[in-house]
Every structure is written in C-alpha cells, then in structure tokens.
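# A look at the structure
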Amino acid sequence: MKYWIDTEFIEQPCSIDLISIGMVAEDGREFYAESSEVDWSKASSWTLQTVRPRLDGKAMAREQIGYAVRNFTDGDEHPVFWGYFPAYDWVAFSWLFGTMTELPFHYPQLCLDIKQWAIELGDPELPRQVGARHHALADARWTRDAWTFLARLDPKAAGRRARGSKNPDQFGAKADD
Ligand SMILES: [Mg+2]
C-alpha cells in the first residue's frame, strides 16, 4: 500500500527534530501525531510563528509515535512511502524507530519523491495546495493529491515501488524485527 507522508521539524546542522507527522494511506486512512520532545529553543521564528500555532497539543514521545506508525501500517508487507522533497522528512521518520537499520523489517529504506517524479516528466506545475499549509497532515494530503496528478500523466510509473535496503548484509545482520 502507498502512504503519503509529511513532517514538520526543526532543522539544525546535524539534527532534525520532529515536531509532527502526517500520513495518508492509499485506503483513505489518516495518521497524525505530534512529538512531546521538541526542543523549541532551537526553533526559528518562522517555525514558532507558522508551524507551532497549528499544532493540536496532544503530543507523545517519539518512541510512541514509532509504535503508532507501526500500528498504522500493520499487516502491510509492502508499504511504499511517498513524500515531497522528502529527504529530511525521511530522516525524521526513520529516527522514530532508532537508526535506519532499525526501521521495521518490511519497510523500504527509501522514500519515493514526488518532486523527482515531476522532474522526470518535465517538471509540470503541481496542483496548488488549498487550505492549511505547514501542518503535517494537510501537507500529506496535498502530497497524495500531487501524486494523483502525476499518476494521471504517467500511469505506468504510478505502481513503482521502493524495495530493499542500502546495505543488505548489515541490514540482514541486524534485522530482528
Ligand atoms: Mg509540511
């Protein structure tokens, strides 16, 4: 199943502090969580003014969010994750489980990128996001909408999957999930 994801985070050199995560599943289910461990002293004024006011305040520890994400994808042996410029989102996502090698065993170690797909197609203008922005669930919904737009242009590529791990030997040695 596909999952469109987005996170809000505080970025500093050598750290990406997850604020919130939103996920939309291909079957229409949605997931949203906020971290109770955010170090707001590191936040930029933009983040304090733009992201923080949109939070609902029902936060939990990152480890708990990781368990909740596992539950959200429970029973799916072949999840495929999509994001928009997702490099940093994917680091924040992976750290919910520990290191990259500690991702749930059946998760790919790669998040597919809406933007990269758009570039492959000549970089068409993507649908505009209406309503709230910089809220992880709202952004995840838009990511799904952008994916749907590209899938109409390029139906053959819509089923692409991310599989495997970067270092299979290391992954196999550590996999105990
Ligand atoms: Mg966002």
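Figured I'd write up the structure that's included with this text. (Residues numbered from 1 in each chain as written. Predicted model: local features only at pLDDT ≥ 70, side-chain atom pairs only at ≥ 80, totals over all residues. Heavy atoms only, no water.)

## Structural notes on the coordination of the magnesium ion
At 2.1 to 2.2 Å from the magnesium ion lie its protein donor atoms, namely D6 (OD), E8 (OE) and D139 (OD). Read in sequence order, the donor residues for the magnesium ion give the motif D-x1-E-x130-D. Of the two residues, D6 is situated in strand β1 (residues 2-12) and D139 in helix α5 (residues 136-153); the sequence distance between them amounts to 133 residues. Overall, D6 belongs to the buried group, its relative accessible area being 10%. (Donors = N, O, S within 2.8 Å, 3.2 Å for Na, K, Ca; no water. Helix = DSSP H or I, 4+ residues; strand = E, 2+ residues; numbered from the N terminus. Buried < 20%, exposed > 50% of the residue type's maximum accessible area, 1.4 Å probe, protein only.)

## Some thoughts on the pairing of strand β2 (residues 15-25)
β2 sits mainly inside the fold: 10 of its 11 residues count as buried. Where β1 and β2 come together, 10 bridges link them in antiparallel fashion. Paired with E8 across the strands is S20, a residue of β2. Hairpin connection between β1 and β2: a loop of two residues separates the two successive antiparallel strands, and C14 in this loop has a positive phi of roughly 70 degrees. When β2 meets strand β3 (residues 30-35), the two strands line up antiparallel, connected through five bridges. Bridging across to β3, S20 finds its partner in E34. (Pairing = 2+ DSSP bridges.)

## Quick notes on the side chain of S35
Within the secondary structure layout, S35 lies in strand β3. Overall, the relative accessible area of 7% leaves S35 in the buried class. Engagement of the side chain of S35 in a polar contact is seen with the backbone nitrogen of E37, the distance being 2.9 Å. Residue contacts for S35: discarding those within four places in its chain leaves L18, I19, A59, M60, R62 and I65. (Polar contact = N/O pair within 3.5 Å; in protein donor to acceptor, adjacent residues only side chain to side chain. Contact = heavy atoms within 4.5 Å.)

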